[in-house]
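# Residue-level structural notes
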Amino acid sequence: MLSGEEIAVRQSIPLAIAITAGAVVSADYFVTNTYLNVISDLLVGWVTIIAAVALLLGLLNVSRVHISAIVERKGNRFYSLCLLLTAVVIIVFGVWPGSRGPNDPVVVWIFDYIYTPLNATIFSLLAFFVASAAYRALRAHTFEATLLLLTAVIILLGQIPLASTAWPEISHLKDWLVAYPMTAGMRGIILGASLGIIATTVRALVGLDRHYLE
Amino acid sequence: MLEQLIVDWHLDGTKLVALGLLFSFLLFFFLALSALRGGRSPHLRPIRAFDGLERLIEASSESAQLIHCSLGTASLVSRFTAEVLAGLTMLRALAKRAVASRFPLVVTTLDPVSLAASQGILARAGSTLAEGQVGKGEEARFVAPEPVSYAAGIMGLLNREHPLGNVIVGGLGDEYLLMGEVGAREGIYQVVGTSAPQVLPFVVTSADEYLLGEEMFAAGAYVEKNRAHLGSLLAQDWTRELIIGIIIGLVILRTAGLL
């Protein structure tokens, strides 16, 4: 059992490191100085290395979850088996003696002919999901839904050459909608979000938000 | 050598404005903290999403049904760091309630660094409050390192495990709709927080409640009633008022032909 003093020391050292690192990297953004720049680049480089090492933790977590699904004979155990086998194949061909790592022909083939098409297939579902989400929103019969429908119709018609030729005002209306109400709304959201980001950063920099000490 | 060590203060206009904003915020933040220590209780305007979240927690506590918490489709080590930190704050609040009320909670991420942070948060919530259904680290899952693969994994999770609620707070891209639409079709109660305006239409059409822009960073103040978060919320309001004042002042000066 750790004493209160030991816990305080354990927390204060990482806290001091985090505050100093944050201050140095922030100062480097505002100030031009060779030494500050070198230290800042070094710290950012360390972050990349730590993130890469953490990927091993991710691999262990995935393996643990899917091995447990197989052992407990869950309904999705076939998919878990596929995932684990694929991970093993990629790792084996990537680290095998004489392998060219991520550029190994087998690894490249798996990525080019299995992973990329599957990724594109999943992403292409978005088109149908957009339609069904829009349909559900418009079925709600609320003021916001009506506004959304009207705006969508005006923007769509404004983009179509035939509609713009037949009724030039629709194109001007579309441009006005994009330039004023939409830009104003987006800027409001971005301004609010930026203040939220500043608040989160300041809390972390002064050591009042300590996710890294959890 | 000594000359090189001396900081060369070359500040362009943009950086000067950013620095001014940062120092104004810091000043307001410490003023707000001091006011809160002095016993001032800030008025928090009602936000529907936090009321909805509260109802979801109560329903989950009663039925012991799963809540899924997602940290979004961005990494902690990216330009979405603050958004992912907001997601971790939401997770911390949910984990404490999950342990206290004994409802199951699962958190998923596409980022191994966030995974480590999530495991820490769950373990701490479990060890400081009570022996509950969180805290063993197994409830934090790394799904996939790419946004689309992660979204596909979450589609499967929502279909298979039918959680009562789906709370997504973090950096989001277009692939959000893959998860959001499946959640909506499955009838899962969804609370989603985003700061990205381009994802907004997807969130509005698929989520039951949503946290837009700055609202997503307010979870610590609304759910946890954390003093630092309350202080930063007050500072946000004061800084916003300062910015609005500056904008109005500049408009008047420009209109009067003085700028």
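Residues numbered from 1 in each chain as written. Chains lettered and ligands numbered in written order. Predicted model: local features only at pLDDT ≥ 70, side-chain atom pairs only at ≥ 80, totals over all residues. Heavy atoms only, no water.

With that settled, the discussion passes to the overall build of chain B. Secondary structure summary: chain B contains ten helices and six strands in total. Oriented by its inertia axes, the alpha-carbon framework of chain B measures out at about 65 × 50 × 40 Å. Relative to its 259 residues, chain B shows a buried fraction of 55%. In the form shown here, chain B has an accessible surface area of approximately 11,300 Å², with 58% of it arising from carbon and sulfur atoms. In chain B, the 20 positive side-chain charges and the 25 negative ones have mean positions that sit 6 Å from each other. (Helix = DSSP H or I, 4+ residues; strand = E, 2+ residues; numbered from the N terminus. Buried < 20%, exposed > 50% of the residue type's maximum accessible area, 1.4 Å probe, protein only. Areas by Shrake-Rupley, 256 points an atom, 1.4 Å probe, with all protein chains shown as cover. Lys, Arg positive; Asp, Glu negative; His and termini not counted. Charge placed at Lys NZ, Arg CZ, Asp CG, Glu CD.)

Across its full length, chain A holds seven helices and zero strands. Secondary structure elements of chain A, listed N to C terminal, follow the sequence α-α-α-α-α-α-α. Radius of gyration (C-alpha) of chain A: 27 Å, far over the 17 Å computed for a compact globule of 214 residues. Along the first, second and third principal axes, the C-alpha atoms of chain A reach 75 × 50 × 40 Å. Counting all 214 residues of chain A, 25% fall into the buried class. Pairs at least 24 residues apart make up 22% of the contacts formed inside chain A by residues separated by at least 6 positions. For chain A, the exposed area adds up to about 14,300 Å²; of that, 75% sits on carbon and sulfur atoms. Seen as two clouds, the 12 positive and the 12 negative side-chain charges of chain A have centres 11 Å apart. (Rg over C-alpha atoms; globule rule 2.2 N^0.38 Å. Contact = heavy atoms within 4.5 Å.)

For the rest of this paragraph, the subject is the interface of chain A and chain B. At the junction of the two partners, chain A supplies 52 residues and chain B supplies 70 residues. Between chain A and chain B the total buried area reaches about 5,400 Å² when both faces are included, carbon and sulfur atoms providing 71% of it. At the surface where chain A touches chain B, the tally comes to two salt bridges. For the salt bridge of B:Glu181 with A:Arg136, the shortest nitrogen-to-oxygen distance reads 2.7 Å. Linking chain A to chain B there are eleven residue pairs in polar contact (both at pLDDT 80 or more). (Buried area = accessible area lost by both parts, 1.4 Å probe. Salt bridge = Lys/Arg side-chain N within 4 Å of Asp/Glu carboxyl O. Polar contact = N/O pair within 3.5 Å; in protein donor to acceptor, adjacent residues only side chain to side chain.)

Residues and elements named next belong to chain B. Spatially, the six strands line up as an open sheet ordered E3-E2-E1-E4-E5-E6, and their pairing is parallel. With partners counted over all chains shown, the strands left at the sheet margins are strand E3 (140-142) and strand E6 (209-212), one partner each. Recorded for the sheet is a direction-independent mean angle of 15° between the axes of neighbouring strands. Where strand E5 (residues 189-194) meets E6, four bridges bridge the pair, whose relative direction is parallel. Pairing of Thr194 across the sheet is with Leu212, part of E6. The strands that helix H3 (residues 48-63) touches are strand E1 (67-72), strand E4 (165-171), E5 and E6; relative to E6, the one it contacts most, it runs at about 135°. (Pairing = 2+ DSSP bridges. Axes fitted to C-alpha atoms, helices over the stretch in contact; angles between N-to-C directions.)

Here the focus is the packing of helix H2 (residues 13-37) of chain B against helix H10 (residues 227-255) of chain B. Residue and element names in this part refer to chain B. Interhelical geometry of H2 versus H10 gives an angle of 130° and a closest axis separation of 8 Å. As summarised for this structure, H2 and H10 are arranged oblique, according to the angle between their axes. H10 is crossed by H2, and the crossing has right-handed handedness. Contact with H2, carried on its side by Leu21, Ser24, Phe25, Phe28, Phe29, Leu31, Ala32, Leu33, Leu36 and Arg37, involves Arg227, Ala228, Leu230, Gly231, Ser232, Leu234, Ala235, Gln236, Trp238, Thr239, Leu242 and Ile243 of H10 and no other residues of that element. For the contact of H2 with H10, a count of residues per class yields 15 nonpolar, five polar and two charged. (Parallel < 35°, antiparallel > 145°, perpendicular 65-115°, else oblique. Left-handed = near helix turned anticlockwise from the far one by under 90°. Nonpolar A, V, L, I, M, F, W, Y, C, P; charged D, E, K, R; others polar.)

Moving on, we get to the packing of aromatic side chains. Inspection of every chain in the model, using the stated rule, returns nine aromatic pairs over all chains. Between B:Phe25 and B:Phe29, the aromatic rings sit 6.4 Å apart at their centres with planes inclined by 20°, giving stacked as the arrangement. Residue B:Phe25 and its partner B:Phe29 are both found in helix H2; the two are separated by four residues, about one turn of the helix. With a relative accessible area of 0%, B:Phe25 lands in the buried category. The exposure class of B:Phe29 is buried, given its relative accessible area of 0%. When the ring of B:Phe50 is compared with that of B:Tyr222, the centres are 4.8 Å apart and the planes differ by 10°; the resulting orientation is stacked. You can see B:Phe50 sitting in helix H3 and its partner B:Tyr222 sitting in helix H9 (residues 219-222), a full 172 residues away along the chain. Through a chain of ring-to-ring contacts, the aromatic side chains of B:Phe25, B:Phe29 and B:Phe30 assemble into a single cluster. A cation over a ring is seen here: B:Lys15 above A:Tyr29, with NZ or CZ 5.0 Å from the ring centre. (Phe/Tyr/Trp six-rings, centres within 6.5 Å; stacked < 30°, edge-to-face > 60°. Lys NZ or Arg CZ within 6 Å of the ring centre and 35° of its normal.)

On to the pairing of strand E2 (residues 105-109) of chain B. Regular strands have side chains that alternate between both faces of the sheet. All names here are of chain B. Burial runs high along E2: five of the five residues are buried. When E1 meets E2, the two strands line up parallel, connected through four bridges. Within E2, the position partnered with His68 by the bridge is Val106. Examined bridge by bridge, E2 and E3 share three bridges and lie parallel to one another.

With that settled, consider the side chain of B:Glu181. Mapped onto the fold, B:Glu181 is located in helix H7 (residues 176-185). Not counting the four nearest positions on each side in its chain, B:Glu181 is found in contact with A:Phe129, A:Ser132, A:Ala133, A:Arg136 and B:Ser206.

All names here are of chain A. For Tyr79, the location among the structural elements is in helix H3 (residues 77-95). With relative accessibility at 59%, the residue Tyr79 sits in the exposed group. Sequence spacing of Tyr79 and Ala69 is ten residues, and the spatial spacing of their C-alpha atoms is 9.5 Å.

Turning to the confidence of the model for chain A, a few remarks are in order. Model confidence for chain A is summarised by a mean pLDDT of 87, while 95% of its residues fall at 70 or above. When mean pLDDT is taken per element in chain A, H3(A) scores highest with 92 and helix H1 (residues 4-30) of chain A scores lowest with 83. (pLDDT = per-residue confidence, 0-100.)

Next up on the list: the nonpolar core. Within the largest apolar cluster, 53 residues are counted, with the highest numbers of intra-cluster contacts made by B:Phe50, B:Leu53, B:Met90 and B:Leu105. A per-element tally of this core places helix H4 (residues 81-101) of chain B first, with twelve residues. Every residue in contact with B:Leu53, bar those within four places of it in the chain, is listed here: B:Met90, B:Leu94, B:Val167, B:Val191 and B:Val223. Within the second largest apolar cluster, 24 residues are counted, among which are A:Leu126, A:Phe129, B:Tyr176 and B:Met179. (Core = buried A, V, L, I, M, F, W, Y, C linked by side-chain atoms within 4.5 Å.)

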